[in-house]
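# Examining the three-dimensional arrangement
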Amino acid sequence: MNNILNKNINVLGIETTCDETAAAIVSLNEKGESNLLSNIVHSQYNEHSKFGGIVPEVAARSHLKNISFIVAEAIKQANISNEEVNAVSVSCGPGLIGGLLVGSMFGKAYSLSKSIPFIPINHLEAHILSPRLFQNIDFPYLALLVSGGHTQLLYVEDLDKIRRIGTTLDDSVGEAFDKASIILDLGWPGGKNIEKAAENGDPQSYNLPRPMIKRNNADFSLSGLKTALFRIAEKETLNKKVKSNLAASFQSAATDVIEDRCLNAFKIIKKINNNCKNFVVVGGVAANKVIRKRLTNLSKMKNFSPYFPPVEICTDNGAMIAWNGIEKILKYGISNINDPDFEPRTRWPLDPMAKPIRNAKEPR
Ligand code: KG4
Ligand code: ZN
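Everything in this summary refers to the structure shown in the same document. Computed from a prediction, not measured in an experiment: that's the story for all the values here.

On to the coordination of the zinc ion (ligand 2). The zinc ion (ligand 2) binds to the protein through His 123 (NE2), His 127 (NE2) and Asp 316 (OD), with metal-donor distances spanning 2.0 to 2.1 Å. Around the zinc ion (ligand 2), the four donor atoms are arranged such that angles at the metal cover 95 to 138°; this shape is classified as irregular. Between the donor residues of the zinc ion (ligand 2), the gaps in sequence give the motif H-x3-H-x188-D. In this pair, His 127 sits in helix H4 (residues 123–129) while Asp 316 sits in the loop between helix H10 (311–314) and helix H11 (319–332), placing the two residues 189 residues apart along the sequence. The pair formed by His 127 and Asp 316 is uniform in burial state, with each residue classed as buried.

It is worth spelling out the nonpolar core at this point. In terms of nonpolar packing, the biggest core is built from 49 residues, with Leu 144, Leu 153, Phe 250, Phe 279 and Leu 295 touching the most fellow members. Taken together, the elements giving at least two residues each to this core come down to strand S6 (141–146), strand S7 (151–158), helix H5 (173–183), helix H6 (191–198), helix H7 (223–235), helix H8 (240–272), strand S9 (278–282) and helix H9 (289–301). The element contributing the most residues to this core is H8, with 13 residues. Formed by 35 residues, the second largest nonpolar core is a distinct cluster that contains Leu 145, Ala 322, Trp 323 and Ile 334.

Here we take up the environment of Ala 24. Counting through the fold element by element, Ala 24 comes out in strand S2 (residues 20–28). Here the alpha-carbon distance between Ala 24 and Ile 119, two residues 95 residues apart in the chain, equals 14 Å. Beyond its immediate sequence surroundings of up to four residues, Ala 24 is in contact with Val 11, Leu 12, Gly 13, Leu 36, Ser 38, Asn 39, Ala 74, Gly 318, Ala 319 and Ala 322.

Right, let's talk about the pairing of strand S3 (residues 34–43) for a bit. Along any regular strand the residues' side chains alternate between the sheet's two faces. As defined by bridge partners, S2 adjoins S3 across nine bridges and the pair is classed as antiparallel. Within the sheet, the bridge partner assigned to Ala 22 lies in S3 and is Val 41. Connecting S2 to the antiparallel partner S3 that follows it, the hairpin turn spans five residues, and Gly 32 within it adopts a positive phi of roughly 85°.

What counts, and where the lines are drawn
Residue indices begin from 1 for each chain and proceed along its sequence in written order. Labels are handed out in written order, letters beginning with A for the chains and numbers beginning with 1 for the ligands. Reporting in this predicted model follows two pLDDT cut-offs: at least 70 for local features of residues, and 80 or more for side-chain atom pairs to be given and counted; totals over whole chains, interfaces and linings ignore these cut-offs and use all residues. The basis for every side-chain value is the complete set of heavy atoms in the structure, and neither hydrogens nor water enter the calculation. Coordinating N, O and S atoms are those within 2.8 Å of the metal (3.2 Å for Na, K and Ca), and as water is not part of the atoms, a site may appear to have fewer donors than expected. Square planar and octahedral sites, with four and six donors, are those where opposite donors lie more than 155 degrees apart and all other angles lie between 65 and 115, tetrahedral sites have four donors with every angle between 85 and 135 degrees, and the rest are irregular. For helices the rule is a DSSP run of H or I covering at least 4 residues; for strands it is a run of E covering at least 2, with both sets numbered from the N terminus onward. Burial here depends on accessible area, computed with a 1.4 Å probe over protein chains only, as a share of the maximum for the residue type. Under 20% is buried, over 50% is exposed, and the range in between is partly exposed. We call a set of buried residues a nonpolar core when its members are Ala, Val, Leu, Ile, Met, Phe, Trp, Tyr or Cys and they connect through side-chain atoms within 4.5 Å of each other. Throughout, a residue-residue contact means that at least one pair of heavy atoms, one from each residue, lies within 4.5 Å. Following DSSP output, two strands are said to pair if at least two bridges run between them.

Rendered as structure tokens:
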């Protein structure tokens, strides 16, 4: 493998864990400055929406159909040639096995054909590191990961050194938004649609529960909120006004829960490391403007500096996968991170010491 640390490097990132086929090029120059050169995302919304959720077989076939085109487009838009790609980072889990196989086999073939390193990436870690592609954020920090598959609060001490301090006992926040959207007949995936409908609604029009609030930990539970919404929606005529009011009430309840859980996480973090002052919020739900605003205000009140990735980097993308590859190159060296034998993992907890949660759908 060539030693390329003393020159500009370009890393190709590939993402296929769920329902986005994505690829991006991130460059790093000799001064250590990074630059997002391209970011191509093909979302499979249209392929899955008629089923009201992701169908793994459909997702795998769609990844297979699109991956070469998406990667070629990322290289073209970055205005570089295949020969100028110095490493390939691939999201190797956690996720759906069909997509993981497509992404990792494509990445391994690409790396072999160009004699460049293959870097396996944990999709969750990529979300958590993603704001560092755009801003200088020092470790350690508290991270709130709120996506469709995961809801976790984590103490991020360093790259590959992460401790879970809170998780969901049942649904993830993104899943709760998606289910609320289906209940209100607003379509799928739901986060964006709930946020839009809520803009014209009154958040106090319906009294919904705030599960876990005031509990002395940083865990979440959201299935009760979804069920309460369902019970009310069953009795209502779902016209535009009612949908907006229910969406606003749901979003407000979910945000209250997130806020309360983060308040406890701030306290827990201070006990672990009193010097920890940074707070990053990542994952698809971090795109929500109301949640961004409320968490910005909350962290400022509690003397934490809040950071969010740009909205388009909150949902799944290749940029965060390429960036995680660069973080690994910088920490371990380009000649130490090639791992072509890595097997994709449907489960890949960030904190291997964290206890499994009974009834939780997400892997630890
Ligand atoms: O990070 P992501 O793309 O995929 C996973 O890794 O799971 O997150 C997708 C989730 C979906 O549940 C989607 O409804 C939610 O993020 N989401 C939102 C918003 N945009 C996406 N939730 C609330 N408000 C949004 N604006
Ligand atoms: Zn994700």
